[in-house]
Amino acid sequence: MTNHKTHKPIEETPKDLGFGIRSQEKGARLLNQDGTFNIERRGLKKEWSNNMYHTLITMPWSRFNLLVLCIYLMANLIFASLYLIAGADSLDGAKGADMMGKFLDAFFFSAQTITTVGYGKMSPLGIFPNIIASIESMMGLLGFALATGLLYGRFSRPVAKIIYSHNALIAPFHDGRGFMFRLANARKNQLIEAEMQVVFSINDTIDGKSTRSFHTLKLERHKINFIFSSWTIVHPITDDSPFYGLSLDDMINAEAEITILLKAFDDSFSQTVYSRSSYKAEEFVWGAKFSNIHGRTKDGTYVDLHRIGEFEKAELPALD
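Bear in mind the structure is a predicted one, so any value in this text is a computation, not a measurement. (Residues numbered from 1 in each chain as written. Predicted model: local features only at pLDDT ≥ 70, side-chain atom pairs only at ≥ 80, totals over all residues. Heavy atoms only, no water.)

Visitor: Just to check I follow, could you spell out the overall build of the chain for this structure?
Guide: Broken down by element type, the chain carries five helices and 16 strands. In the chain, which comprises 320 residues, the share counted as buried stands at 36%. (Helix = DSSP H or I, 4+ residues; strand = E, 2+ residues; numbered from the N terminus. Buried < 20%, exposed > 50% of the residue type's maximum accessible area, 1.4 Å probe, protein only.)

And the structure:
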């Protein structure tokens, strides 16, 4: 394992960010690029109800929509079966001649009952069918109220949609070098008072033991007033930088990783939002600079966010 010097000031170098100081497994990330933590927590109770609301609020829209559709179909299938069990004449106005026709009549009557639509062509006959219809109506009201609350919670939850360049670069910066990556707001809302914290972590060998050390990087600009275009985050590589004297191979061998925390105020929700991401050493590009993604229009300027990660080769100046 490659050793590297301890960088000062010590008080600006946190020993741990919550990941622990033990070395990670070979190739494992501390933080996934989508901002989720790459850690499995064991020993918790497995009851889904403990995290039901959080799971339903945060799961992807595709899974949420599929889950709602499956629950809706399953409920109608169950109640349709109950109407058939109640008897062939349990639904007045049903016109199905065979078993499939009767089941479809019961299914669509269930769909009308659970949504409280009721077209009036079919109605329950007898005590047992009316009890089933009453229970289904109550469950429908409660279920759609719950679904409405979840939909509101998902739409109203303030979440930053930040896109990052796929690679981080070691690029020319002023008369020296700089570590940099680029980001932009992927939504049309306004993010103001944006603050960035970038932490460099690496495996060090201390007293024969491999431990994980964390270094908060000094940035050219850690705070801006607005993110209305793209923002290139730059860490100047000076003699007090943890990057100083390290080659790309050194960083790869030492499992180096950059973790990113962006905090900004979303004026649409009037709340603070956060975004996280990371770069592994294998995702660093040595000797490159980001391409210009800005241009002019008739009335102003534009930024091409499809090219946010585009870069071109550049010669690096020698270190002092």
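Read on, since the account is not over.
Visitor: I would appreciate a short explanation of the pairing of strand E11 (residues 271-280) in the present structure.
Guide: In the case of a regular strand, side chains alternate between the two sheet surfaces. As paired elements, strand E10 (residues 257-266) and E11 share ten bridges and run antiparallel to each other. Bridging from a neighbouring strand, Ile 260 pairs with Ser 277 of E11. Between E10 and E11, which follow one another and run antiparallel, lie four residues, and Ser 270 among them has a positive phi close to 55°. (Pairing = 2+ DSSP bridges.)

Visitor: Explanation requested: the packing of helix H2 (residues 61-86) against helix H3 (residues 99-114) in the structure shown.
Guide: Helix-helix packing is described using two parameters, namely the angle between the two axes and the distance between the axes. Where H2 meets H3, the axes come as close as 8 Å, and the angle between the chain directions of the two elements is 120°. Comparing the axis directions of H2 and H3 gives the class oblique. H2 and H3 meet at a crossing whose hand is right-handed. Listed contacts from H3 to Tyr 72, Leu 73, Ala 75, Asn 76, Leu 77, Phe 79, Ala 80, Ser 81, Tyr 83 and Leu 84 of H2 are Met 99, Lys 102, Phe 103, Ala 106, Phe 107, Phe 109, Ser 110, Ala 111, Thr 113 and Ile 114. For the contact of H2 with H3, the per-class residue count stands at 15 nonpolar, four polar and one charged. (Axes fitted to C-alpha atoms, helices over the stretch in contact; angles between N-to-C directions. Parallel < 35°, antiparallel > 145°, perpendicular 65-115°, else oblique. Left-handed = near helix turned anticlockwise from the far one by under 90°. Contact = heavy atoms within 4.5 Å. Nonpolar A, V, L, I, M, F, W, Y, C, P; charged D, E, K, R; others polar.)

Visitor: In this structure, what is going on with the pattern of salt bridges? I would like to understand it.
Guide: Opposite charge on two side chains allows them to pair when their charged atoms are near. In this structure the tally under the stated criterion is six salt bridges. Notably, a salt bridge pairs Lys 289 with Glu 312, separated by 4.0 Å at the nearest N-O pair. Of this pair, Lys 289 sits in strand E13 (residues 288-290) while Glu 312 sits in strand E16 (residues 311-313); the two residues are 23 residues apart in sequence, bridging distant segments of the chain. We classify Lys 289 as partly exposed; its relative accessible area is 39%. (Salt bridge = Lys/Arg side-chain N within 4 Å of Asp/Glu carboxyl O.)

Visitor: Explanation requested: the environment of Lys 289 in the structure shown.
Guide: When the C-alpha positions of Lys 289 and Gly 178 are compared, they lie 9.9 Å apart, and in sequence the two are 111 residues distant. Here Lys 289 is in contact with Leu 169, Ala 171, Phe 311, Glu 312 and Ala 314, once residues within four sequence places are set aside.

Visitor: Explain the nonpolar core here, please?
Guide: A general feature of soluble globular proteins is that nonpolar side chains tend to end up buried together. Residues Phe 181, Met 196, Phe 243 and Ile 258 are the most contacted members of the largest nonpolar core, which totals 35 residues. Those elements that provide at least two residues to this core are strand E3 (162-164), strand E4 (168-173), strand E5 (176-185), strand E6 (191-206), strand E9 (230-237), E10 and E11. A total of six residues in this core trace back to one element, the largest contributor, which is E6. What Phe 181 contacts, discounting residues up to four positions off in sequence, is Tyr 164, Ser 165, Asn 167, Ala 168, Met 196, Val 198, Trp 231, Thr 232, Ile 233, Ile 260, Tyr 279 and Phe 290. Core analysis: the second largest hydrophobic core is formed by ten residues, Ala 106, Phe 109, Met 122 and Ala 133 among them. (Core = buried A, V, L, I, M, F, W, Y, C linked by side-chain atoms within 4.5 Å.)

Visitor: Please clarify how the side chain of Asp 266 should be interpreted in this entry.
Guide: Mapping Asp 266 onto the fold places it in strand E10. Although Asp 266 is buried, it forms no salt bridge, and the closest oppositely charged side chain is Arg 187 at an N-O distance of 6.0 Å. Separated by 2.8 Å, the side chains of Asp 266 and Asn 189 make a polar contact. Excluding its chain neighbours within four sequence positions, the residues that come into contact with Asp 266 are Asn 189, Gln 190, Leu 191, Gln 271 and Val 273. (Lys, Arg positive; Asp, Glu negative; His and termini not counted. Polar contact = N/O pair within 3.5 Å; in protein donor to acceptor, adjacent residues only side chain to side chain.)

Visitor: Can you walk me through the layout of surface pockets in this structure?
Guide: The computed volume of the second largest pocket comes to approximately 590 Å³. Looking at the second largest pocket, it is lined by 20 residues, and the ones nearest its centre are Val 68, Ile 71, Tyr 72, Gly 143 and Ala 147. (1 Å grid on protein atoms, 1.4 Å probe; cavity = no way out; pocket = protein on both sides within 12 Å on 5 of 7 lines; lining within 4 Å. Points joined across faces, edges and corners; volume = space filled by probe spheres on them.)

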